[in-house]
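Here is what each chain is made of, one letter per residue.
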Amino acid sequence: MLCATLSRRSSGLIRGITGIIQRQAFTHAMDDNLPKIRVPQQMVKKINKVLKKQAIVAATSSKKCHSDAVVISCKRKEYNHHMGEEYSDFTPQMLASHGWKHKQSPGDHFTINKFASIPAFRNIDEGSFEVLELQPDVLQIIKDMNLKHPTNIQAEAIPKLRSGNNTLLAAETGSGKTLAYLIPVIESILHHHTTYGINEEVRSPQAVILAPSRELALQIADVAEKFAGPLGLNVVSLKGGQRLHGQCKSQLVDILVATPGVLRKAIMAGHYTISRAQHLVIDECDTLMDDSFNGLIKFIMRRMQIQSSIRKSDIGDGAQLIMVGATVPKDLQNILEGLVSVDSLARVTTPYLHRVMPHVVQKFYRLTSEQRPAEMLRLAKSSSRGNIPTMVFCNQTSTSAWLCHFLQESGVESLLMQGSLKEELRRNIFERFRNKEKSILISTDIASRGLDTVHVQRVINYDFPLFMSDYIHRVGRVGRVGSKHVGHVSNFIVHKWDVDLVWKIETAIRKMTDLHNVNANIKKKLLSLSEARELQGEKGPRPISPDEG
């Protein structure tokens, strides 16, 4: 039950002022010649505002028993939210974060507690991979990897992708989407080899997988190699920042993994031809379909013959398009116009897509700019002492560099990962973090998507993300399938524009609905956000390059 309460002093003041107003009205009615006591109008307005808020909260809150589990626990306990609590007429005044744009709000906080188990395995029978009728060799590799039960998205996607349909594959972060598309693609290539024979044309892959970052592309290639290698398939990963001539060897290629930029260079230089590819996978499609990458994706898709029909029946029908993501671009009609019909996309989604993860604890701190470094240092020392793998996110490269220097000067060792670093150095930094050489990794959003972070236990948003999609991906670094720990997220809320996003998150939890406005054209919104803040006289975030996150 949400109920606004007043302190004894405030209650006494209101009763006293109300009594004076009533007596004044009575005296005025009895004798106009008696002295009049006047109450300042500003005080009357303030009292009426408090009384109105009290009435709204009391009228709209439900009468649930407080023995139910607390989903949102607040510093001001009257704003706690309990499991099953409902609201007949929800108003923003019921949010714990409602007043966080006020100058006196710093110091407040609330926590979204764990209120359910990991959703990746929910609503699915305790079946094994045998139920999916995989090819025996593929099934044996899965057993060797000690994978026992498919996740929701794997159980749904593998049969769908086998049909050859163009497919949009969307599920919450950390739910096993990579295997969900790799297994049917590998099986399709094996079937093609059996039916049509091995393609003897060198540098002509059967499947092309695109990823937005070099780290994610290498990670996908590593997973693909574990499956494809024992089956006699060749996996090649193109790395940006290195000479293509040394990478593009004259060899048979079954699966080619790359970022869009380096693949375009390889195609233009004649190192690879993708016109005969049977599968095009666009991983992290919300990022790759953003304005920052859209031109590259369209160039690649035009070099391939993407099938236009719902069902692919034969090798000559064109390549199967598979779009994968934890957040889904909503404007697909315009993005894919002239390339493939949106109606040809079969959709495979999970119930917790675009929702706050119910198994990850998330705490929101309302801080001033001056309070933030001290709070960061406190949490960083806790992670360092307890050897807790922690990822810290900043919105800009300059902030991440300053924060790493600040922690080092304060006696806390950390690693810094930036898009401006060379690929080998970035890969080495992430491997050092994954091997627990140091407990803290500071980065921009370049490390927020797709990377295997099952060992991470804590995420700290030193800069609160600008967009809902970024918040989903950052939270998804913890509580992943295979993680031994539930995970904890700490959010620092400093700017007024941060509060707008917090309102949407808190509202979604209280109403148990989808997060609002997950779709984000990052480049376009950053530019419009900067322009709007310049007009308001505020310093807005600068647009960042795709390589920075």
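Everything below is about the structure shown above.
In this structure, strand β3 (residues 109-112) lies alongside strand β11 (residues 361-366), joined through four bridges in antiparallel fashion. From the neighbouring strand, T111 faces β11, where its bridge partner is K363. Across six bridges, the pairing between β11 and strand β16 (residues 488-493) is parallel. Of the residues in β16, the one forming a bridge with Q362 is V489.

The next thing to look at is helix α5 (residues 177-196). Taking 1.5 Å of rise per residue, the 20 residues of α5 would be expected to cover 28 Å, and the 29 Å separating its terminal C-alpha atoms lies within 8% of that figure. Judged by how many residues are buried, α5 sits mostly within the fold: 14 of 20 residues are covered.

The next subject is the pattern of salt bridges. If charged atoms from side chains of opposite charge come close, those side chains can pair. Scanning the model with the defined rule gives 16 salt bridges in all. Here R432 ties to E437 by a salt bridge, and the two come within 3.0 Å at their closest N and O atoms. Its relative accessible area of 25% is what places R432 among the partly exposed residues. When the shortest N-O distance is used, the salt bridge between E506 and R510 registers 2.8 Å. On the criterion of helical spacing, the pair formed by E506 and R510 is a turn pair, its members being four residues apart in helix α16 (residues 496-511). The structure contains a network of salt bridges with shared partners spanning D286, R449 and D470.

With mixed pairing, the nine strands of this open sheet are ordered in space as β2-β1-β3-β11-β16-β15-β12-β14-β13. Both outer strands of the open sheet, β2 (81-82) and β13 (415-417), are each paired with one neighbouring strand and no more. Across four bridges, the pairing between strand β12 (residues 390-393) and strand β15 (residues 458-461) is parallel. Within β15, the position partnered with M391 by the bridge is V459. Helix α13 (residues 397-409) contacts β12, β13 and β14 (440-443) of the sheet and is inclined by roughly 150° relative to β14.

Moving on: helix α8 (residues 260-268). Given 3.6 residues per helical turn, the α-helix brings residues three or four places apart onto the same face. Listed as buried for α8 are P260, V262, L263, A266 and I267. For α8, the arc enclosing every buried residue in end-on projection is 165°, short of the 170-degree limit, so these residues lie on one face. Positive phi appears at G270, one or two residues downstream of α8, with a value of about 80°.

Strand order across the open sheet formed by seven strands is β6-β7-β5-β8-β9-β4-β10, with parallel pairing between neighbours. Since the sheet does not close on itself, it has two edges, and those belong to β6 (235-237) and β10 (345-349), each with one partner. Within this sheet the neighbouring strands show an average axis-to-axis angle of 15°, counted without direction. Taken together, the four bridges between strand β4 (residues 166-170) and strand β9 (residues 320-325) define a ladder with parallel strand orientation. Among the inter-strand pairings, A170 is bridged to a residue of β9, identified as G325. α8 rests against β5 (207-210) and β7 (255-258) of the sheet, and its axis sits at about 120° to β7. Along the sheet, helix α10 (residues 291-302) contacts β5, β8 (279-282) and β9; its crossing angle with β8, the most-contacted strand, is approximately 170°.

Analysis parameters
Residues numbered from 1 in each chain as written. Predicted model: local features only at pLDDT ≥ 70, side-chain atom pairs only at ≥ 80, totals over all residues. Heavy atoms only, no water. Pairing = 2+ DSSP bridges. Helix = DSSP H or I, 4+ residues; strand = E, 2+ residues; numbered from the N terminus. Expected span 1.5 Å × (residues − 1). Buried < 20%, exposed > 50% of the residue type's maximum accessible area, 1.4 Å probe, protein only. Salt bridge = Lys/Arg side-chain N within 4 Å of Asp/Glu carboxyl O. Contact = heavy atoms within 4.5 Å. Axes fitted to C-alpha atoms, helices over the stretch in contact; angles between N-to-C directions. Arc of directions from axis to C-beta.

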